[in-house]
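Spelled out from the first residue to the last, the chains are:
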Amino acid sequence: MVRLVPYKKLLPSQLMDLVNLLNFDDRLRDDLGFKSDDSPMTVFDYQAFTEAWIERTNSQHFAIVNEGDIAMGQISLSHIDKDKGETRCGYWLGTKYRNRGYTKEAFEQIVGLARQMELKYLVATISPRNDASLAIWAKYRPMVEKTEGSLKVTVDLWKGFV
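What comes next concerns the included structure. (Residues numbered from 1 in each chain as written. Predicted model: local features only at pLDDT ≥ 70, side-chain atom pairs only at ≥ 80, totals over all residues. Heavy atoms only, no water.)

The helix and strand tally for the chain stands at 5 helices and 7 strands. Reading the chain from its N terminus to its C terminus gives the helix and strand order β-α-α-α-β-β-β-α-β-α-β-β. By the compact-globule yardstick of 15 Å for 162 residues, the chain fits well, its C-alpha radius of gyration being 16 Å. Along the first, second and third principal axes, the C-alpha atoms of the chain reach 40 × 30 × 30 Å. Burial status across the chain gives 42% buried among its 162 residues. Residue pairs in contact within the chain that sit at least 24 positions apart in sequence constitute 58% of those at least 6 positions apart. Entry remark: accessible area of the chain is about 9500 Å², with carbon and sulfur atoms responsible for 51%. In the chain, which carries 22 positive and 22 negative side-chain charges, the distance between the mean positions of the two groups comes to 5 Å. (Helix = DSSP H or I, 4+ residues; strand = E, 2+ residues; numbered from the N terminus. Rg over C-alpha atoms; globule rule 2.2 N^0.38 Å. Buried < 20%, exposed > 50% of the residue type's maximum accessible area, 1.4 Å probe, protein only. Contact = heavy atoms within 4.5 Å. Areas by Shrake-Rupley, 256 points an atom, 1.4 Å probe, with all protein chains shown as cover. Lys, Arg positive; Asp, Glu negative; His and termini not counted. Charge placed at Lys NZ, Arg CZ, Asp CG, Glu CD.)

The next point concerns the environment of Lys152. With respect to the secondary-structure elements, Lys152 resides in strand β7 (residues 150–156). We classify Lys152 as partly exposed; its relative accessible area is 30%. Taking the C-alpha atoms as reference points, Lys152 and Ala132, separated by 20 residues in sequence, lie 15 Å from one another. When residues no more than four places from it in sequence are discounted, the contact partners of Lys152 are Val123, Ala124, Thr125, Met143, Val144, Glu145 and Thr147.

Within the largest apolar cluster, 45 residues are counted, with the highest numbers of intra-cluster contacts made by Leu77, Phe107, Ile110, Leu122 and Trp137. Element by element, the count of residues in this core is highest for helix α4 (residues 102–116), at 7 residues. Non-local contacts of Trp137, meaning those with residues more than four positions away in its chain, are made with Cys89, Tyr91, Phe107, Leu122, Val123, Ala124, Ile126, Pro142, Val153 and Val155. (Core = buried A, V, L, I, M, F, W, Y, C linked by side-chain atoms within 4.5 Å.)

With 15 residues, α4 should reach 21 Å at 1.5 Å per residue; the first-to-last C-alpha distance of 21 Å fits that figure. In the core, the buried residues of α4 are packed alongside β1 (3–6), β2 (60–65), β3 (71–81), β4 (86–93), β5 (121–126) and α5 (131–138). (Expected span 1.5 Å × (residues − 1).)

Before going further, it helps to examine the packing of aromatic side chains. A complete count under the given rule lists 4 aromatic pairs for this structure. Summarising the aromatic geometry, the rings of Tyr7 and Tyr46 are spaced 6.4 Å apart at their centres and angled 55° between planes, so their arrangement reads as tilted. Of this pair, Tyr7 sits in the loop between β1 and α1 (12–24) while Tyr46 sits in helix α3 (residues 43–56); the two residues are 39 residues apart in sequence, bridging distant segments of the chain. Given the relative accessible area of 2%, Tyr46 is considered buried. Ring plane angle 70° and centroid distance 6.2 Å describe the contact between Tyr91 and Phe107, whose orientation is recorded as edge-to-face. Here Tyr91 is found in strand β4, whereas its partner Phe107 is found in helix α4, with 16 residues between them in sequence. (Phe/Tyr/Trp six-rings, centres within 6.5 Å; stacked < 30°, edge-to-face > 60°.)

Turning next to the sheet that holds β2. The sheet built from 7 strands is open, its strands ordered β1-β2-β3-β4-β5-β7-β6 with mixed pairing. Either end of the sheet is taken by a strand with one partner, and the two such strands are β1 and β6 (143–147). On average, each strand axis in the sheet is tilted by 25° relative to the strand beside it, whichever way the strands run. As paired elements, β6 and β7 share 5 bridges and run antiparallel to each other. Directly across from Glu145, in β7, lies its bridge partner Lys152. Relative to the sheet, α4 contacts β1, β2, β3, β4 and β5, its axis offset from that of β3 by approximately 30°. (Pairing = 2+ DSSP bridges. Axes fitted to C-alpha atoms, helices over the stretch in contact; angles between N-to-C directions.)

Dropping the structure here:
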């Protein structure tokens, strides 16, 4: 069972969990596009970046936390546009926590949150090679558009809900 902990309510240890993943999980760093010569991130760096990103993208940002209160990754609703009824969803999970259903659980919770906000569409851009993410979104029968090297997936939160 996972919980979504709002960014502002993260414990210092959970902030450190996230920073350690971003600094030392080589596969995650590669997935997120870090360069090998990027400097290690401090908790202060993470907080400053995340707070600016939340503000700039009109986002709700959460840590994905396990039963042991360890932050395993993060998930967000960003670019929330109530007029259009649309929001983007993005997430990442540390490599050692993958393939255990944690992202699926977190995604189900974020879909519920988007519905509570009375949004109509949830949108993401996913690599066609990211089978795990594509499988998570498939449950919600997304519309899929091919774009340059990626897929834009859009879920109608109120139609054909499984």
